[in-house]
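Working through the structure, step by step
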Amino acid sequence: MSAIHEPFTAIVVDRPEGKYQAQFRDLTRADLPDQGDVLVRVRYSSLNYKDALAVTGKGRIARTFPLVPGIDLAGEVVESVSTDFKPGDAVLVTGCEIGEVHWGGFSQFARMRSQWLVPIPQGWDARLAMGVGTAGFTAMLAVMALEHHGVDKSGEVVVTGAAGGVGSIALTLLAKAGFQRILASTGRVEEEPYLKQLGATGVIQRAELDQPASPLESQRWAGAVDVVGGQTLSKLISQMRCGGAIAVCGLAGGADLNTSVYPIILRGVSILGINSVYIPQSLRLEAWERVARDLSPEMIERMMRVEPLSRVPQLSEQVLAGQVRGRVVVDLG
């Protein structure tokens, strides 16, 4: 447990002479940046939309070079100078700018700051923790925000991008929280049986929301979890019921927002921004405790698949093309 095996494998992104590249590299302890007080043996990571952008270079995710991408990781502590963690502790990290500014989870070993670490929930292992990862953590924050706002649980709520990682888990968490009419919006109608297994009471085609919006349309939605953004978010805003709220946590459909203040003023619609990177540790721990309570291991298994690190470049292209269902857990081997 105390030994670090060298060399170990990682994906490293860099831009020598201004040309972006992602490569598999063998690293040693000396290669790890001095960015924390705890050394973690990474057992599993996960492949998120951000990670796919970082690996392919199609988005400005990596902000320092060279960098190991991967905004999630889970494993066990190997070495620690922190009084909060000791060798053998099972831990996870999501957000905290790992995989963006700090070296992240696509490496068999990672040096982390102790204040980033969260204990893996009791009864879970690293694989299950990454079956949730940033996607599930973000979905939990979104559901908590809708509850805190007081969204009517008997009214219709919609989850966009429902077949993806955040959307899949959001469906389950909304159902567990007592929301009664949960619509899943997706461009993959063949996934309807899967989405209903997760908690959706109905499915609507993505095209129904992916079209220009009038300033005010017929009131429909009591609440929403939106991972798409762009035109879809504009449409949702125009269709919200009085006092409704949208938890916004993604921009797969674009970062621009062409909308009107009419729904916000005349109907009291609230747009709740969900930030899973920079949040107080107390809220982080509260959300993970809620995840462990509301998501069964069986449900996590249903929405995840495990792939080796070697497939991350290929799978990243599929994630960006919207061809991946649920959660991709990355086995560091």
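What this report covers is the structure whose coordinates are included nearby. (Residues numbered from 1 in each chain as written. Predicted model: local features only at pLDDT ≥ 70, side-chain atom pairs only at ≥ 80, totals over all residues. Heavy atoms only, no water.)

**So, the overall build of the chain**
Helix and strand counts for the chain stand at nine helices and 15 strands. Along the three orthogonal principal directions, the C-alpha set of the chain runs to about 60 × 45 × 35 Å. For the chain, with 333 residues in total, the buried portion stands at 55%. Residue pairs at least 24 apart in sequence account for 71% of intrachain contacts in the chain once pairs closer than 6 positions are excluded. When the accessible area of the chain is evaluated, it comes to approximately 13,900 Å², of which 48% is carbon and sulfur surface. When the 32 positive and 35 negative side-chain charges of the chain are each reduced to one mean point, those points stand 4 Å apart. (Helix = DSSP H or I, 4+ residues; strand = E, 2+ residues; numbered from the N terminus. Buried < 20%, exposed > 50% of the residue type's maximum accessible area, 1.4 Å probe, protein only. Contact = heavy atoms within 4.5 Å. Areas by Shrake-Rupley, 256 points an atom, 1.4 Å probe, with all protein chains shown as cover. Lys, Arg positive; Asp, Glu negative; His and termini not counted. Charge placed at Lys NZ, Arg CZ, Asp CG, Glu CD.)

**What about the environment of Val151?**
You can see Val151 is positioned in the loop between helix H2 (126–149) and strand E8 (156–159). Exposure remark for Val151: the relative accessible area of 7% places this residue in the buried category. Once residues lying within four places of it in the same chain are set aside, the contact partners of Val151 are Leu146, Val157, Phe179, Ala222, Gly223 and Ala245.

**As for the sheet that holds E8**
Taken together, the six strands give an open sheet; going across it, the order is E10-E9-E8-E11-E12-E13, and neighbouring strands pair in parallel fashion. The open sheet is flanked by strand E10 (202–205) and strand E13 (270–273), the only strands paired with a single partner. Across this sheet, the average inter-strand angle for adjacent strands is 20°, counted without regard to direction. Packing against the sheet, helix H3 (residues 165–176) makes contact with E8, strand E9 (181–186) and strand E11 (221–226), and its axis sits at approximately 155° to E8. Docked against the sheet, helix H5 (residues 230–239) engages E8, E11, strand E12 (240–248) and E13, running at close to 155° with respect to E12. (Pairing = 2+ DSSP bridges. Axes fitted to C-alpha atoms, helices over the stretch in contact; angles between N-to-C directions.)

**Overview of a nonpolar patch on the surface**
On the surface, Leu216, Val261, Tyr262, Ile264, Ile265, Leu266 and Ile271 cluster together into a nonpolar patch covering about 660 Å² of accessible area. At four residues, helix H6 (residues 262–266) tops the list of elements feeding residues into the nonpolar patch. Along the chain, the position of Leu216 falls in the loop between E10 and E11. Take Leu216: its relative accessible area is 35%, and that puts it in the partly exposed class. (Patch = residues over 30% accessible without salt bridge, like charges linked within 9 Å, V, L, I, M, F, W, Y side chains within 5 Å. Salt bridge = Lys/Arg side-chain N within 4 Å of Asp/Glu carboxyl O.)

**Considerations on the pairing of strand E3 (residues 38–47)**
By the criterion of burial, E3 is predominantly enclosed, with nine of the ten residues buried. Relative to strand E4 (residues 72–80), E3 runs antiparallel, the two sharing six bridges. By the bridge assignment, Leu39 is partnered in E4 with Glu79. By the bridge criterion, four bridges tie E3 to strand E15 (residues 327–331) in an arrangement that is antiparallel. Opposite Tyr44, over in E15, you have Asp331 as the bridge partner.

**Remarks on the nonpolar core**
In terms of nonpolar packing, the biggest core is built from 58 residues, with Leu146, Leu171 and Leu174 touching the most fellow members. Ranked by residues supplied to this core, first place goes to H2 with 14 residues. When residues no more than four places from it in sequence are discounted, the contact partners of Leu146 are Val151, Leu174, Phe179, Ala224, Val225, Ala245, Ala247 and Leu272. Formed by 41 residues, the second largest nonpolar core is a distinct cluster that contains Val40, Ala52, Trp103 and Ala110. (Core = buried A, V, L, I, M, F, W, Y, C linked by side-chain atoms within 4.5 Å.)

**Some remarks on helix H7 (residues 281–294)**
Compared with the 20 Å implied by 1.5 Å per residue over 14 residues, the 20 Å span of H7 between its first and last C-alpha is a close match. Listed as buried for H7 are Arg284, Ala287, Trp288, Arg290, Val291 and Asp294. Projected onto a plane normal to the axis of H7, the buried residues spread over an arc of 160° and lie on a single side. Turned more than 90 degrees away from the buried face of H7 sit Ser282, Glu289 and Arg293, all of them exposed. Lining the buried residues of H7 we find strand E5 (90–94), strand E7 (118–119), H2 and H3. (Expected span 1.5 Å × (residues − 1). Arc of directions from axis to C-beta.)

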